[in-house]
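# Breakdown of the fold
Given next are the chains, with one letter for each unit.
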Amino acid sequence: MRIVTTAIALCLAASCASAQDPSAFEEGSEAKSWNLYGEYPAFFAARVVDVLCEIADDCPADCGGGSRQLGLIREADGVLVLPNKNAQPAFNGATAELQPFCGMDVEVDGLLLDDPDLGATNIYLVQKIRAKGDTEWTAATRWTDVWAERNPGTAGEGPWFRRDPRIAAEIAEEGYFGLGADRDADIKAEVFK
């Protein structure tokens, strides 16, 4: 695992070092700002790839079927761009949005985060995507639908994360603060006197 992690870090460092100025991709972008530090509207063509396949030659079918981190090899400069967020409020969902486009050439519109001082280089927040040559965009909002399909029987009020079985199990085991249920009770008693 350490070798794979090191390989990923070296590949990303080399890829990011050769990247173009992030403002070079602003033309044609209609991305909505999230007011994040170092954000640039960014519209570009790319190929959707399985990141581990690209850098470690570990290539399962269908880009891992939604279980792997997906990336974008930007057409303009061959740089691996890492989509970490979709158009929904939570910082998740990029893989769910890109999975139907596995191995395809696409156009994406979103926000590119680039600030070397923060360690953010070529981090992408995809807001819409389409196969190259198509005229209709697909909004990058599939994540909660994909989550609901993978978690049947979790319908209810409130946000998805209040009903997510993995989160509920983690809270039951570790408490809300990760310190255990007993410590949670102590903190709650102290905070809500």
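What this report covers is the structure whose coordinates are included nearby. Worth saying up front: this structure is predicted, and the values here are computed from it rather than measured.

Moving on to the pattern of salt bridges. Applying the stated criterion across every chain, the model contains 9 salt bridges. With a closest N to O distance of 3.6 Å, Arg-68 and Asp-58 form a salt bridge. Of the two residues, Arg-68 is situated in the loop between α2 (51-56) and β2 (70-74) and Asp-58 in the loop between α2 and β2; the sequence distance between them amounts to 10 residues. Taking the shortest distance from any N to any O, the salt bridge between Asp-109 and Lys-128 comes out at 4.0 Å. With Asp-109 in strand β4 (residues 105-115) and Lys-128 in strand β5 (residues 120-131), this pair connects stretches of sequence that are 19 residues apart. No difference in accessibility class separates Asp-109 from Lys-128, as the two residues are buried. One network of salt bridges, with partners in common, ties together Glu-30, Asp-109 and Lys-128.

A general trend in soluble globular proteins is that nonpolar side chains are found buried together. Phe-44, Val-48, Leu-72, Val-81, Val-106, Val-108 and Tyr-124 are the most contacted members of the largest nonpolar core, which totals 20 residues. Only β1 (39-50), β2, β4 and β5 provide two or more residues apiece to this core. Apart from residues lying up to four places away in sequence, Phe-44 is in contact with Phe-25, Leu-72, Arg-74, Val-81, Val-106, Glu-107, Val-108 and Tyr-124.

Summarising the element assignment, Asp-184 is placed in helix α6 (residues 181-191). With no salt bridge to any partner, buried Asp-184 finds its closest opposite charge in Arg-183, at an N-O distance of 7.6 Å. From its side chain, Asp-184 meets the backbone nitrogen of Tyr-176 in a polar contact 2.3 Å long. Every residue in contact with Asp-184, bar those within four places of it in the chain, is listed here: Gly-175, Tyr-176 and Phe-177.

Once that is clear, we can look at the layout of surface pockets. To find leftover empty space, a probe the size of one water molecule is rolled over the atoms. Estimated volume of the largest pocket: approximately 270 Å³. For the largest pocket, the lining is made up of 13 residues, of which Gly-66, Ala-96, Trp-143, Val-146 and Arg-150 are closest to its centre. For the lining of the largest pocket, the secondary-structure elements that each account for two or more residues are α3 (94-98) and α4 (143-150). By residue number, the principal contributor to the lining of the largest pocket is α4, which donates 4 residues. Per-class residue counts for the lining of the largest pocket are 5 nonpolar, 5 polar and 3 charged.

Looking at the secondary structure, you find Leu-36 in the loop between α1 (2-17) and β1. A relative accessible area of 27% means that Leu-36 is categorised as partly exposed. Other than its neighbours up to four places away in sequence, Leu-36 contacts Phe-91, Leu-113 and Leu-125.

This brings us to the pairing of β2. Within β2, 4 of the 5 residues are buried, which leaves the element mostly enclosed by the surrounding structure. Bridge count between β1 and β2: 5 bridges; the pairing is antiparallel. Bridging from a neighbouring strand, Val-49 pairs with Gly-71 of β2. Here β2 runs beside strand β3 (residues 80-85); their pairing, made up of 2 bridges, is antiparallel. Across the sheet, residue Ile-73 finds its bridge partner in β3, namely Leu-80.

The rules behind these values
- Residues numbered from 1 in each chain as written.
- Predicted model: local features only at pLDDT ≥ 70, side-chain atom pairs only at ≥ 80, totals over all residues.
- Heavy atoms only, no water.
- Salt bridge = Lys/Arg side-chain N within 4 Å of Asp/Glu carboxyl O.
- Helix = DSSP H or I, 4+ residues; strand = E, 2+ residues; numbered from the N terminus.
- Buried < 20%, exposed > 50% of the residue type's maximum accessible area, 1.4 Å probe, protein only.
- Core = buried A, V, L, I, M, F, W, Y, C linked by side-chain atoms within 4.5 Å.
- Contact = heavy atoms within 4.5 Å.
- Lys, Arg positive; Asp, Glu negative; His and termini not counted.
- Polar contact = N/O pair within 3.5 Å; in protein donor to acceptor, adjacent residues only side chain to side chain.
- 1 Å grid on protein atoms, 1.4 Å probe; cavity = no way out; pocket = protein on both sides within 12 Å on 5 of 7 lines; lining within 4 Å.
- Points joined across faces, edges and corners; volume = space filled by probe spheres on them.
- Nonpolar A, V, L, I, M, F, W, Y, C, P; charged D, E, K, R; others polar.
- Pairing = 2+ DSSP bridges.

So far we have only geometry, and geometry alone does not tell us how the molecule works.
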